[in-house]
Amino acid sequence: MQLLNKEQLGHYESEGYIILPRFFDDAEVQELLEVMRRILPTINRGTLTADHDPWTQEPGDDLNPLRVSYINDLFEYDQRLDDHMRSKRLVGVMMDLFGSDITAFQSATVIKPPQINFDYHGWHQDMYDYQPLSNFKNANAMTYLGDMGPGTGSTSLVPRSHLVGILQPVWEDVEGWPKKQRRLEGFEKYEPDVITPHFRPGDVLVFDSRLMHRANSNADDATKIGLVNVFQSADCIDIEGKNDFHVANLPIASQGKVLTREESMKMVSEGG
Ligand SMILES: O=C(O)CCC(=O)C(=O)O
């Protein structure tokens, strides 16, 4: 089933991203939120594969009382999250972009607790950490579970920045901040082109892993959650085997068919 039309495919090529409004319905969003509501209170500070709000130890909201800001290897926490990673719609988009054989690269969540200053997160290109890959058929599909605008947890990005190369990231101390701020050397040149879309629950943002982007602060009193699923074409090889996310190289679609968890595991055990 073709999910992206010619215009959307062209937009991804030239701009480096596509926004798919209301790609998942309310029932799906509510189900995913319920799963997150169950998981978040169990992620204590100090969990190696997670981060928390570095500014305060005060409680967050009902959804996220411990003010979790990041969880890696999310697909392992609940079957429903694994199912979302393999949803025919999400993987269908990846197949439209990259062809009939898709592997997973990362499964995570970036969470903006109530009233967090997320400026430390900073501008970056995910490809800096992923490289060297044998090609650029690698993209992040973010599913938004909340209403997220500029200043309320949205994602900012620089259209077309996937085509300008990889800038040097820098982490700098900022007086009074609990964490270094990340930024990109020479980013000023791209500042005028920044856009910050408003995302609604169920929207999906798909972006090339070379695209410059950043997560925004959240002035709201409610936690904002984005599910991060990074996929790649099966012929996109992690040349130095750097990817140690648990989902790395897991086959997700083969010959145009989205695989069940069992089928993925079988392919892995057969060395496929
Ligand atoms: O949460 C966001 O708004 C951006 C996420 C992000 O920066 C990433 O997944 O690399």
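This text goes with the structure placed above it.
The structure displayed is predicted, hence computed values, not measured ones.

Asks: Any chance you could break down helix H2 (residues 26-39) for me, citing the residues and the numbers?
Replies: Residue pairs three or four apart in sequence face the same way in an α-helix, which turns once every 3.6 residues. In a regular helix each residue adds 1.5 Å, so 14 residues correspond to 20 Å; H2 covers 20 Å between its end C-alpha atoms and thus fits that length. If you check which residues of H2 are buried, you get Glu28, Val29, Leu32, Leu33, Val35, Met36 and Ile39. In an axial view of H2, the angular spread of the buried residues amounts to 160°, which keeps them on one side of the axis. Facing away from the buried side of H2 by over 90 degrees, the exposed positions are Asp26 and Ala27. Against the buried residues of H2 lie strand E3 (68-72), helix H3 (79-85), strand E4 (102-112) and strand E11 (224-233).

Asks: So, the environment of Gln106: which residues are in play, and what are the values?
Replies: Mapped onto the secondary structure, Gln106 falls in strand E4. The exposure class of Gln106 is buried, given its relative accessible area of 8%. Those residues in contact with Gln106, other than ones at most four positions away along the chain, are Tyr70, Asn72, Tyr130, Val228, Asn229, Val230, Phe245 and Val247.

Asks: How would you sum up the site of the ligand? Please name residues and give values.
Replies: In the vicinity of the ligand, the contacting residues are Val110, Lys112, His121, His124, Asp126, Asn140, Met142, Ser154, Thr155, His213, Ala215 and Val228. Taking Lys112, its side chain carries an N or O atom lying 2.7 Å from an oxygen atom of the ligand. Residue His213 places a side-chain N or O atom 2.9 Å away from an oxygen atom belonging to the ligand. Under a 2 Å grid-point criterion requiring more than half of the atoms, the pocket assigned to the ligand is the largest pocket. Mapped by element, the contributors of at least two residues to the shell around the ligand are E4, strand E5 (138-144) and strand E10 (213-215).

Asks: Lay out a nonpolar patch on the surface with the relevant residues and their values.
Replies: The grouping of Tyr128, Ile166 and Trp171 at the surface amounts to a nonpolar patch, some 270 Å² of accessible area in total. Overall, the relative accessible area of 32% leaves Ile166 in the partly exposed class.

Asks: Help me get a handle on the layout of surface pockets, residues and values and all.
Replies: Empty space within the largest pocket amounts to approximately 640 Å³. Along the wall of the largest pocket there are 28 residues; nearest its centre are Tyr70, Val110, His121, His124 and Arg182. Only strand E2 (50-52), E3, E4, helix H5 (127-130), E5, E10 and E11 provide two or more residues apiece to the lining of the largest pocket. Looking at the lining of the largest pocket, the element that brings in the most residues is E4, giving four residues. By residue class, the composition of the lining of the largest pocket is 12 nonpolar, eight polar and eight charged.

Asks: Residues and numbers for the packing of aromatic side chains, please.
Replies: The description of an aromatic ring pair rests on the distance of the ring centres and on the angle between the ring planes. Scanning all chains against the criterion turns up nine aromatic pairs. For the ring pair Phe118 and Tyr120, a centre distance of 5.4 Å and an interplane angle of 40° mean the geometry is tilted. Residues Phe118 and Tyr120 agree in their burial class; the two are buried. One aromatic cluster is present, built from ring pairs that chain together Phe105, Tyr130 and Phe245. One cation-aromatic arrangement involves Arg89 over Phe23; the distance from NZ or CZ to the ring centre is 4.0 Å. Directly above the aromatic system of Phe136 lies the positively charged group of Arg210, at a separation of 4.0 Å from the ring centroid.

Asks: Residues and numbers for the environment of Asp101, please.
Replies: Residue placement: Asp101 occurs in the loop between helix H4 (88-98) and E4. Residues Asp101 and Ile252, 151 residues apart in the sequence, show an inter-C-alpha distance of 7.6 Å. Within the structure, Asp101 has its side chain in polar contact with the side chain of Ser100 (distance 3.2 Å).

Asks: Report on the pattern of salt bridges, specifying residues and quantitative values.
Replies: Summed over all chains, the structure comprises 19 salt bridges. Residue Arg38 is joined to Asp78 by a salt bridge in which the shortest nitrogen-to-oxygen separation is 2.5 Å. Remark: Asp78 occurs in the loop between E3 and H3 and Arg38 occurs in helix H2; sequence separation between them is 40 residues. Judged by relative accessible area, which is 18%, Asp78 ranks as buried. Of the charged contacts in the structure, one is a salt bridge between Asp208 and Arg210, with a shortest N-O distance of 2.8 Å. Overall, the relative accessible area of 2% leaves Asp208 in the buried class. Its relative accessible area of 14% is what places Arg210 among the buried residues.

Definitions and cut-offs
Residues numbered from 1 in each chain as written. Predicted model: local features only at pLDDT ≥ 70, side-chain atom pairs only at ≥ 80, totals over all residues. Heavy atoms only, no water. Helix = DSSP H or I, 4+ residues; strand = E, 2+ residues; numbered from the N terminus. Expected span 1.5 Å × (residues − 1). Buried < 20%, exposed > 50% of the residue type's maximum accessible area, 1.4 Å probe, protein only. Arc of directions from axis to C-beta. Contact = heavy atoms within 4.5 Å. Near = heavy atom within 4 Å. Polar contact = N/O pair within 3.5 Å; in protein donor to acceptor, adjacent residues only side chain to side chain. 1 Å grid on protein atoms, 1.4 Å probe; cavity = no way out; pocket = protein on both sides within 12 Å on 5 of 7 lines; lining within 4 Å. Sits in = over half its atoms within 2 Å of the grid points. Patch = residues over 30% accessible without salt bridge, like charges linked within 9 Å, V, L, I, M, F, W, Y side chains within 5 Å. Areas by Shrake-Rupley, 256 points an atom, 1.4 Å probe, with all protein chains shown as cover. Salt bridge = Lys/Arg side-chain N within 4 Å of Asp/Glu carboxyl O. Points joined across faces, edges and corners; volume = space filled by probe spheres on them. Nonpolar A, V, L, I, M, F, W, Y, C, P; charged D, E, K, R; others polar. Phe/Tyr/Trp six-rings, centres within 6.5 Å; stacked < 30°, edge-to-face > 60°. Lys NZ or Arg CZ within 6 Å of the ring centre and 35° of its normal.

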